[in-house]
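Remarks on the overall topology
Here is what each chain is made of, one letter per residue.
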Amino acid sequence: MRVAIGLSIHFNPLPPLLFLVPNYSSQSSNVFSLKMNPFPLVPLERDAFDTLLDHAPDKLNVVKTSLITFVNKHLNKLNLEVTELESQFADGVYLILLMGLLEDYFVPLYNFFLTPESFDQKVHNVAFAFELMQDGGLKKPKARPEDVVNLNLKSTLRVLYNLFTNYKNSD
């Protein structure tokens, strides 16, 4: 009985608004009660990249190539080149430099870590790039800085596509 209850708690087949908690006031240790979850998980909206990866992964390379071309068009001004979206944007440095180029300003080097060594420094850089995007009039990216740092392709694509749609006609 305890194994079954443990498995049901672990895999929690109940809706996210409800969960099982032990009822310690009871005489028996096998009694559980159903409680409301004060922090229900809100399902994220699915966007074009979810659909692309789920239903048309063959077209993913076309999107990646377009974004790499856009990014390189601007980063080549600094003699930088991107070949791999996930890994080269994970530390946030290229995102910050790209925002400076797109918005036509210099980002002082003391505002970010040019060679980040820790996870926190990378998250700081990506979060700073997100702030620069918002200062440039873009909406806050749906991706979290931690997701970009963790090499999440969908998050990186979302951020870069947001830049692409807003700056595709800029030189």
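Look up: the structure comes first, before these words.
Residues numbered from 1 in each chain as written. Predicted model: local features only at pLDDT ≥ 70, side-chain atom pairs only at ≥ 80, totals over all residues. Heavy atoms only, no water.

1. Here we look at the packing of aromatic side chains
Filter applied, for reference: Stacked, tilted and edge-to-face pairs are distinguished by plane angle, under 30 degrees for stacked and over 60 for edge-to-face with tilted covering the rest, among Phe, Tyr and Trp rings (Trp via its six-membered ring) whose centres lie within 6.5 Å. Elements are defined by DSSP. Helices are runs of H or I of four residues or more, strands are runs of E of two residues or more, and each kind is numbered from the N terminus. Residue burial is assigned from relative accessible area. The probe radius is 1.4 Å, only protein chains are included, and a residue is buried under 20% of its type maximum, exposed over 50%, and partly exposed in between.
Overall, the coordinates contain three aromatic pairs when judged by the stated rule. Residues Phe-70 and Phe-164 carry aromatic rings whose centres are separated by 5.4 Å and whose planes lie at 90 degrees to one another, so their mutual orientation is edge-to-face. Separated by 94 residues along the polypeptide, Phe-70 in helix H3 (residues 60–75) and Phe-164 in helix H8 (residues 153–167) bring together distant segments of the chain. By relative accessible area, Phe-70 is classed as buried at 5%. Between the aromatic rings of Phe-89 and Tyr-94, the centroid separation amounts to 6.2 Å while the plane-to-plane angle is 80 degrees, which identifies the pairing as edge-to-face. Considered together, Phe-89 and Tyr-94 belong to a single accessibility category, that of buried residues. Ring pairing ties together the aromatic residues Phe-70, Tyr-161 and Phe-164, which thus form one cluster.

2. Considerations on a nonpolar patch on the surface
Stated precisely, the cut-off is as follows: Within the patch definition used here, like charges are joined within 9 Å and nonpolar side chains (Val, Leu, Ile, Met, Phe, Trp, Tyr) within 5 Å, considering only residues with over 30% relative accessible area and no salt bridge. The Shrake-Rupley method, run with a 1.4 Å probe sphere, supplies the accessible areas, and residue values consider only the shown protein chains as cover. When a carboxyl oxygen of Asp or Glu lies within 4 Å of a side-chain nitrogen of Lys or Arg, that pair is called a salt bridge.
On the surface, a cluster of nonpolar side chains totalling about 340 Å² of accessible area is made up of Phe-106, Leu-109 and Leu-114. Mapped onto the elements of the fold, Leu-109 is located in the loop between helix H5 (93–103) and helix H6 (119–135). The exposure class of Leu-109 is partly exposed, given its relative accessible area of 46%.

3. Some remarks on the nonpolar core
Just so we agree on the cut-off: Definition of nonpolar core: a set of buried residues of the types Ala, Val, Leu, Ile, Met, Phe, Trp, Tyr and Cys, connected through side-chain atoms within 4.5 Å.
Counting residues in each nonpolar core, the largest one holds 38 residues, and the members touching the most others are Val-71, Leu-85, Phe-89, Leu-95, Met-133, Leu-160 and Leu-163. Elements with a contribution of two residues or more to this core: H3, H5, H6, helix H7 (145–149) and H8.

4. What to know about the side chain of Asn-125
For clarity, the threshold we go by: What makes two residues a contact is simply this: any of their non-hydrogen atoms within 4.5 Å.
Along the chain, Asn-125 falls in helix H6. Taking the relative accessible area as the measure of exposure, Asn-125 reaches 0% and is therefore buried. Discounting residues that sit within four places of it in the chain, Asn-125 has contacts with Asp-91, Gly-92, Val-93, Ile-96, Phe-112, Phe-113 and Pro-116.

5. Comments concerning H3
Using the following cut-off: By this rule the span expected of a helix is its residue count minus one, scaled by 1.5 Å.
Over its 16 residues, H3 extends 22 Å from the first C-alpha to the last, a length consistent with the 22 Å expected when each residue adds 1.5 Å. Taken together, the buried positions of H3 are occupied by Leu-60, Lys-64, Leu-67, Ile-68, Phe-70, Val-71, Asn-72, His-74 and Leu-75.

6. Notes on H8
Residue pairs spaced three or four apart in an α-helix point in one direction, given the helix's 3.6 residues per turn. Note the cut-off: The definition of a polar contact used here is a pair of N or O atoms within 3.5 Å, where within protein one atom must be able to donate a hydrogen and the other to accept one, and adjacent residues in sequence count solely through side-chain atom pairs.
In a regular helix each residue adds 1.5 Å, so 15 residues correspond to 21 Å; H8 covers 21 Å between its end C-alpha atoms and thus fits that length. Where H8 begins, one side-chain oxygen reaches toward the backbone nitrogen of Lys-154, 3.0 Å away; that side chain belongs to Asn-152.

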